[in-house]
Amino acid sequence: MLNTAIVGLGWWGKTLVKAAHDFGAPIRFVRGVSMEPDTVRDFATEHKIALGTSFEEVIADAQVQAVVLATPHSMHRAQVEAAAAANKHIYCEKPFALSKTDAAAALDACQRAGVVIAVGHHFRLMPSMRVLAELKDASAFGTIMHVEGNYSHDWLANYPADSWRMIAQESRAGGMTSQGVHVLDCLRDLVGPMKRISALSKSRALKAAAGDTTAALIEFENGATGTLGTTIKAPFDWRIAVYGENATATSVSETRAIVRRAGQEPEVIDRPADFHLGRNLDYFAKAALGQGTFP
């Protein structure tokens, strides 16, 4: 078991703790950090987590082998660098950083320390997304011409304006930090590195400082193009589509993909549901324990 500290015990931090437990990942949460400990004391007691308010005390604890960061995005670089310097493995929630400079510095710290760094991009593990990845690996698409994705919902639309998840310093470009980065990661996983991105964010329905709607045009290093859309004020929608010279495939839900080939009827592929959040944490823990690699 990997002795781990959870840093940030808001709703998502609690979700991560429960996901690791319910999936059966080899993670033992031994310490937790919260700036509002009284609000999570019952949860910590239930899960046998020693609760405190100091991140520094946690990374100084020799029994703690890893940290899971569910903290405000702007804190990630400093926390990753500190954890790496203390030889702790790190699972960091997305977005990993809010600038390329911070991301590169945090990755460099992990590489120097030789610790595992994992990021909470679990949507690529959804059953429907694995269908698309399998088609790619089998060269079923031929040359990939174009990809597009949209992840939108209104679950955060009524969040308090002063919540850290809504302020411009933490949540930039509308829904990008909460939703759009999942699309970006899935497109990167399917097509490869990106060469350039041109993006536009707007405030349409909400008076959100960071905007509520973002669109982007992408050029990949291999020459493919892509588009991305995300909004935090629309009914739920998820869609990732790959347009290849020989086939087109679309992820339309966690478990369903639709494949189209010239001259054939569309093929609907339904896969069993999979607990991909828990699986992502399981990959991390096993990598930290030397039992595999984080994808």
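Residues numbered from 1 in each chain as written. Predicted model: local features only at pLDDT ≥ 70, side-chain atom pairs only at ≥ 80, totals over all residues. Heavy atoms only, no water.

**Considering the state of the cysteines**
Here, disulfide denotes a covalent bond that connects the sulfur atoms of two cysteines.
Moving on, step 1. One pass over the structure, following the stated rule, counts 0 disulfides.
Moving on, step 2. Cys-92 forms no disulfide, and the closest cysteine sulfur to it belongs to Cys-110, at a distance of 8.9 Å.
Moving on, step 3. Classification of Cys-92 as buried rests on a relative accessible area of 0%.
Moving on, step 4. Free of any disulfide, Cys-186 has its nearest cysteine sulfur in Cys-92, 18 Å distant. (Disulfide = S-S within 2.5 Å. Buried < 20%, exposed > 50% of the residue type's maximum accessible area, 1.4 Å probe, protein only.)

**A word on the layout of surface pockets**
Moving on, step 1. Roughly 1,200 Å³ of internal volume is contained in the largest pocket.
Moving on, step 2. Forming the walls of the largest pocket are 35 residues, and the residues nearest its centre are Phe-96, Ala-97, Ala-103, His-121 and Leu-184.
Moving on, step 3. At the level of elements, α5 (100–113), β6 (117–119), α7 (176–191), β8 (194–202) and β9 (213–220) are the ones that each hand at least two residues to the lining of the largest pocket.
Moving on, step 4. Across the lining of the largest pocket, the residue classes break down as 24 nonpolar, 6 polar and 5 charged. (1 Å grid on protein atoms, 1.4 Å probe; cavity = no way out; pocket = protein on both sides within 12 Å on 5 of 7 lines; lining within 4 Å. Points joined across faces, edges and corners; volume = space filled by probe spheres on them. Helix = DSSP H or I, 4+ residues; strand = E, 2+ residues; numbered from the N terminus. Nonpolar A, V, L, I, M, F, W, Y, C, P; charged D, E, K, R; others polar.)

**What about the nonpolar core?**
Moving on, step 1. One finds Met-129, Leu-132, Leu-190, Trp-238 and Ile-240 to be the most contacted residues of the largest nonpolar core, which totals 31 residues.
Moving on, step 2. Secondary structure elements with two or more residues in this core: α6 (127–137), β7 (144–152), α7, β9, β11 (237–244), β12 (247–251) and β13 (256–261).
Moving on, step 3. Tallying contributions element by element places α7 first for this core, with 7 residues.
Moving on, step 4. Residues Trp-12, Ile-27, Phe-29 and Val-116 belong to the second largest nonpolar core, which totals 27 residues. (Core = buried A, V, L, I, M, F, W, Y, C linked by side-chain atoms within 4.5 Å.)

**Remarks on the packing of aromatic side chains**
Moving on, step 1. Applying the stated criterion across every chain yields a total of 7 aromatic pairs.
Moving on, step 2. Judged by centre distance (5.3 Å) and plane angle (70 degrees), the ring pair of Trp-11 and Trp-12 falls under edge-to-face.
Moving on, step 3. One aromatic cluster in this structure is built from Phe-123, Tyr-151, Phe-236 and Trp-238. (Phe/Tyr/Trp six-rings, centres within 6.5 Å; stacked < 30°, edge-to-face > 60°.)

**Observations regarding the packing of helix α1 (residues 11–23) against helix α8 (residues 276–288)**
Moving on, step 1. Remark: α1 packs on α8, axes separated minimally by 8 Å, with the N-to-C direction vectors making an angle of 80 degrees. By the angle class used here, α1 and α8 are roughly perpendicular. Across the interface between the two elements, Trp-12, Thr-15, Leu-16, Ala-19, Ala-20 and Phe-23 of α1 pack against Leu-277, Gly-278, Arg-279, Leu-281 and Asp-282 of α8.
Moving on, step 2. Residue classes in the contact of α1 with α8 are distributed as 7 nonpolar, 2 polar and 2 charged. (Axes fitted to C-alpha atoms, helices over the stretch in contact; angles between N-to-C directions. Parallel < 35°, antiparallel > 145°, perpendicular 65-115°, else oblique. Contact = heavy atoms within 4.5 Å.)

**Examining the sheet that holds strand β3 (residues 50–52)**
Moving on, step 1. The 6 strands lie next to each other as β3-β2-β1-β4-β5-β6, forming an open sheet whose pairing is parallel. Of all strands in the sheet, those with a lone pairing partner are β3 and β6, marking the two edges. Across the sheet, the mean angle separating the axes of adjacent strands is 25 degrees when strand polarity is ignored.
Moving on, step 2. Two strands pair when backbone bridges link them, and strand β4 (residues 66–69) and strand β5 (residues 89–92) are joined in this way by 4 bridges, in the parallel orientation. Considered in β5, the bridge of Val-67 is made with Ile-90. (Pairing = 2+ DSSP bridges.)

**Side note on the side chain of Asp-185**
Moving on, step 1. On the secondary structure map, Asp-185 appears in helix α7.
Moving on, step 2. Look past the residues within four positions of Asp-185 in its chain and what remains in contact with it is His-121 and Arg-124.

**What about the pattern of salt bridges?**
Moving on, step 1. Counted by the stated rule, this structure contains 16 salt bridges.
Moving on, step 2. In this structure, Asp-102 and Arg-77 form a salt bridge, with 2.9 Å as the shortest nitrogen-oxygen distance. Taken as a pair, Asp-102 in helix α5 and Arg-77 in helix α4 (residues 76–85) lie far apart in primary sequence, 25 residues in all.
Moving on, step 3. The salt bridge involving Asp-282 is made with Lys-286; its shortest N-O contact spans 3.0 Å. Of this pair, Asp-282 and Lys-286 both sit in helix α8, 4 residues apart, roughly one helical turn.
Moving on, step 4. Taking the relative accessible area as the measure of exposure, Asp-282 reaches 7% and is therefore buried. (Salt bridge = Lys/Arg side-chain N within 4 Å of Asp/Glu carboxyl O.)

**Details of the environment of Phe-123**
Moving on, step 1. Inspection of the secondary structure assignment puts Phe-123 in the loop between β6 and α6.
Moving on, step 2. Sequence separation of Phe-123 and Val-181 is 58 residues, and the distance between their C-alpha atoms is 10 Å.
Moving on, step 3. Excluding anything up to four places from it in sequence, Phe-123 contacts Met-129, Tyr-151, His-182, Cys-186, Trp-238 and His-276.

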